[in-house]
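Here is what each chain is made of, one letter per residue.
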Amino acid sequence: MEGNISMDIKVNELNDKNLMSIRHTHIKKKFTFLIIILAIVFITSFIVGRYPLTIEQLLDFFIIRHFDVSKEIPDVVETVIMNLRLPRILAAVLVGSSLAASGAAYQGIFKNPLASPDILGASAGAAFGASLAIYFSFSHYGIQLSAFIFGIISVLLAFIISQRIRTDSAVALVLTGMLVSTLFSSAISLIKYVADPFDKLPAITFWLMGSLSGMGIRSVKFACIPIFISLTVLYFMRWQINVLSLGDEEAKTLGVNTEGSRLIIIICSTILTATSVCISGVIGWIGLVIPNLARLLVGSNYVYLLPATMVMGGTFLLVVDCVSRGLFPVEVPLGILTSFIGAPFFIILLYKGWRE
Amino acid sequence: MKLDLDEVTVGYKGVPVLNDVSFSLNAGEVLCILGPNGSGKTTLFKTIMKLKQPITGMISIDGRDISSWSFDKIAGYIGYIPQNYSPVFPYTALEMVLMGRTPRLGMCSIPKAKDIEIAMESMKTLDILSLKDKAFTKISGGERQLVLIARAIAQQTKLLIMDEPTNNLDFGNQALILNQIKKLSQKGMAVIMATHVPEHAFLYADKVLMVKDRGVLAFGKRKEVLSEENLRKLYGVNLKLMPVVSESYPSLKVCIPGVL
């Protein structure tokens, strides 16, 4: 947030500087707070799980052994940290940030606080694409590409159909998204029905429920490139998202090439959704809940909203994953936990009406 | 700055709504457009902003045809305030004003300290700096109009188009908005606004364009166009113009409907 610091200094020259810099200091404090929470959750996640570790063991592994060569690290600790916990934690942060950021971006460009990858059908479309690819035994890249293509088809379908419906466009988009979701869910059922019950069917079923268990460092490496690129593009276009959220004509009269910008943002958001679906299955609700919570915390301006959403999304999924590992005797699929949290939140959103 | 419309016909999907509009407007002039509902005023504005293609005719700025200009370039010349506008997300008033800086920003950049300074200066010009942290969705209609005017000032364009800026405003707010528009034009901004109130044209317009039945009824200097006969034709009702004795507005008249 180097831009904010220079804002503070410059604005001081104005008469009304105080109010302005107070606001920016507020936002900076909030970001510090969010990042500290993420750090705490990040460290705690190493400790929680079937094989509990202590802070001491963590310190030994990450820091002390580099200074004190005589320090012995038990093999099991190394395996747990490097092969089990670290990939899983990194994946949780990446997937959480991606889903939340894509939700925020969809909300902005579709002018709709109820939009999200799952509601628009992007998740279902990507899941169908990936299931299809698993069924045909495609490679990692094949699965990714197929997930992306069907993800984008479903978003465009939902959006285009909603434009043709003469009713409140916010509700129309939710309805058409549900329609597209249902369509792709049925298609997934069809694939499951014809899939080999001993091999492909369990693979597809467990993966669809959404889970980070068994995450390998290879999957994380594979996912992080498209995720980083898309998050960076969205981050740099966050002012454009603000202007696009005012509506098409309004954005054009403010000089924005709406078709081009919107397409880039849809592509990036859908890559984020599809990549997340590829490595962790369908984890719903994050894209809806987190951006709206972030909006309550830092306001509507995407300059702050988007980075806040990314940090909060990563933190949220990490917490949920810890709960799923630590609280129950058997690991509960993440998709199930996030909908227990997300569904009531969605009801509150609808109840409040949001757009007063 | 000079805006010229030459025999421009506007409409939807090739069906004309308003035919053969020609006028020119110079820096510092205010053009009021009067016409019944549905006479194509908004369509005309959208066509000037390139949101719609003209069916025939040419629009030019400083003698250059704008038909091939990008939205970015147009937004550098013309600020546009649509009718009854409300965003979905509760941006603050300052953020709304900052949106006016978009044409001056690159595709991948956010407003800099200088842009914030300009936005706050333009709010100060209109005396609405106290609104800056309030949600745009929660302030009154008059305040919203002022914020959108501040946005147009921050956009630093030479021409401002306003679609019924006083619509839904109470008497005091109407006067407030119109006085600010007058001030802007005195500083050299050209202004086009649609209105349903003939007195607004008497008070603030330099030029008046009357549109009705898919065509131009009259265009010209205020004094020439705003006659009882033209207004009667325009609105299809009996009305009377009564002179008002005022030193600052020598030719001011009020329009009273329903009187022969």
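Counting restarts for each chain, with residues numbered from 1 along the sequence as it is written. All chains are assigned letters beginning with A, and all ligands numbers beginning with 1, in the order in which they are written. Confidence filtering applies because this is a predicted model: local features only for residues at pLDDT of at least 70, side-chain atom pairs given and counted only at 80 or more, and all residues used for totals across whole chains, interfaces and linings. Side-chain measures were taken over the full set of non-hydrogen atoms in the model, leaving aside hydrogen atoms and water.

Teacher, can you tell me more about the nonpolar core here?
Inside soluble globular proteins, nonpolar side chains tend to come together where they are buried. Nonpolar cores were defined as sets of buried Ala, Val, Leu, Ile, Met, Phe, Trp, Tyr and Cys residues, with membership established by side-chain atoms within 4.5 Å. Classification of residues uses two cut-offs on accessible area relative to the type maximum, computed with a 1.4 Å probe and protein chains only: under 20% is buried, over 50% is exposed, and between them is partly exposed. Of all hydrophobic cores here, the largest spans 158 residues; its most connected members are Phe-110 of chain A together with Val-147, Ile-149 and Met-210 of chain B. Strands are runs of DSSP state E lasting at least 2 residues, helices are runs of H or I lasting at least 4, and numbering of each runs from the N terminus. Looking at this core element by element, the count peaks at 17 residues for helix α4 (residues 75-109) of chain A. With 31 residues, the next largest nonpolar core counts Leu-25, Leu-44, Ala-190 and Ile-192 of chain B among its residues.

In this structure, what is going on with the sheet that holds strand β3 (residues 30-34) of chain B? I would like to understand it.
Hydrogen bonding along the main chain pairs the strands of a sheet, whether they run parallel or antiparallel. All names here are of chain B. Any two strands with at least two DSSP bridges between them are considered paired. Taken in spatial order, the six strands line up as β6-β7-β8-β3-β9-β10 in an open sheet, and their pairing is mixed. Two strands bound the open sheet, and with one partner strand each, they are β6 (78-81) and β10 (215-221). This sheet shows a mean twist of 15° between the axes of neighbouring strands, independent of strand direction. Direction of pairing for β6 relative to strand β7 (residues 159-162): parallel, over a ladder of four bridges. Residue pairing in the sheet places Ile-81 in a bridge with Met-162 of β7. Across the face of the sheet, helix α5 (residues 141-155) comes into contact with β6 and β7 while running at roughly 170° to β6. We call two residues in contact whenever any of their non-hydrogen atoms come within 4.5 Å of each other. Working convention: axes come from line fits to C-alpha atoms, limited for helices to the stretch in contact. Angles between N-to-C directions cover 0 to 180 degrees. Contacting β3, β7 and β8 (190-195), helix α6 (residues 171-186) runs over the sheet at an angle of about 155° to β8.

Help me out: how do you make sense of the pairing of β3 of chain B in this one?
All names here are of chain B. Burial runs high along β3: five of the five residues are buried. Burial of β3 is two-sided: the residues Val-30, Cys-32 and Leu-34 facing one way and the residues Leu-31 and Ile-33 facing the other way are all buried. Where β3 and β8 come together, five bridges link them in parallel fashion. Paired with Leu-31 across the strands is Ile-192, a residue of β8. Here β3 pairs with strand β9 (residues 207-212) via four bridges, running parallel.

What is the right way to read the interface of chain A and chain B from this model?
In many reports, interface size means the accessible area that the parts give up when they come together. Contact with chain A, which involves 40 residues of that partner, is made by 43 residues of chain B. In short, buried area is how much 1.4 Å probe accessible area vanishes from two parts on joining, totalled over both. Carbon and sulfur atoms supply 66% of the area that chain A and chain B bury against each other, a total of about 3,700 Å² over both sides. By salt bridge we mean one thing: a side-chain nitrogen of Lys or Arg within 4 Å of a carboxyl oxygen of Asp or Glu. If you look at where chain A meets chain B, you find two salt bridges. Notably, a salt bridge pairs Glu-250 of chain A with Arg-151 of chain B, separated by 2.5 Å at the nearest N-O pair. Of all the secondary-structure elements, those providing two or more residues to the side of chain A that touches chain B are α1 (2-11), α2 (17-47), α4, α10 (238-244), α11 (248-253), α12 (258-280) and α14 (302-326) of chain A. Ranked by residue count, the leading element in the side of chain A that touches chain B is α10 of chain A, at five residues. By the convention adopted, Pro, Cys, Tyr, Trp, Phe, Met, Ile, Leu, Val and Ala count as nonpolar, Lys, Arg, Asp and Glu as charged, and the other residues, Gly among them, as polar. Taken together, the residues of the side of chain A that touches chain B break down into 16 nonpolar, 13 polar and eleven charged.

Can you help me understand the side chain of Asp-115 of chain B in this one?
All names here are of chain B. Within the secondary structure, Asp-115 sits in helix α4 (residues 113-125). Taking the relative accessible area as the measure of exposure, Asp-115 reaches 5% and is therefore buried. Under the rule applied, a polar contact is a pair of N or O atoms within 3.5 Å (in protein, one hydrogen donor and one hydrogen acceptor; residues adjacent in sequence only if both atoms are side-chain atoms). In terms of polar contacts, Asp-115 uses its side chain to reach the backbone amide nitrogen of Lys-112, at 2.8 Å. Apart from residues no more than four positions distant in its own chain, Asp-115 is found in contact with Leu-98, Arg-101 and Leu-105.

Explain the environment of Thr-157 of chain B to me, please; I cannot follow it from the model alone.
Residues and elements named next belong to chain B. Checked against the element boundaries, Thr-157 lands in the loop between α5 and β7. Placed 42 residues apart in sequence, Thr-157 and Asp-115 show a C-alpha to C-alpha distance of 15 Å. If near-sequence neighbours (up to four positions away) are discounted, Thr-157 is found in contact with Ala-75, Gly-76, Tyr-77, Ile-78, Gly-79, Arg-104, Ala-152 and Met-189. There is a polar contact of 3.4 Å between the side chain of Thr-157 and the backbone nitrogen of Gly-79.

Explain the pattern of salt bridges to me, please; I cannot follow it from the model alone.
Side chains that differ in sign of charge can pair as their charged atoms come close. One pass over the full model with this rule turns up 15 salt bridges over all chains. In this structure, the salt-bridge partner of Glu-228 of chain B is Arg-232 of chain B, at a minimum N-O distance of 3.2 Å. Here Arg-232 of chain B and Glu-228 of chain B lie together in helix α9 (residues 228-235), a separation of four residues that amounts to about one turn. Relative accessible area serves as the criterion here: at 25%, Glu-228 of chain B is assigned to the partly exposed category. By relative accessible area, Arg-232 of chain B is classed as partly exposed at 28%. Through salt bridges with shared partners, one network takes in Arg-88, Asp-321, Arg-325 and Glu-331 of chain A.

Quick question: what am I supposed to make of the confidence of the model for chain A here?
Low pLDDT marks stretches whose predicted atomic positions should not be read closely. The pLDDT value expresses, per residue, how confident the predictor is, ranging between 0 and 100. When the pLDDT values of chain A are averaged, the result is 87; 91% of them are 70 or greater. Within chain A, the element-level pLDDT minimum falls on α1 of chain A, averaging 42, and the maximum on α10 of chain A, averaging 96.

Even after reading the chapter, I still don't get the sheet that holds strand β4 (residues 56-61) of chain B, so can you show me in this structure?
Residues and elements named next belong to chain B. Spatially, four strands are ordered β2-β1-β4-β5 in an open sheet, and the strand pairing comes out antiparallel. The open sheet terminates on both sides in strands that have one partner only, identified here as β2 (15-26) and β5 (64-65). As judged from the eight bridges shared by strand β1 (residues 2-12) and β2, these two strands associate in the antiparallel manner. Bridging across to β2, Val-10 finds its partner in Leu-18. The strands that helix α1 (residues 41-48) touches are β1, β2 and β4; relative to β1, the one it contacts most, it runs at about 120°.

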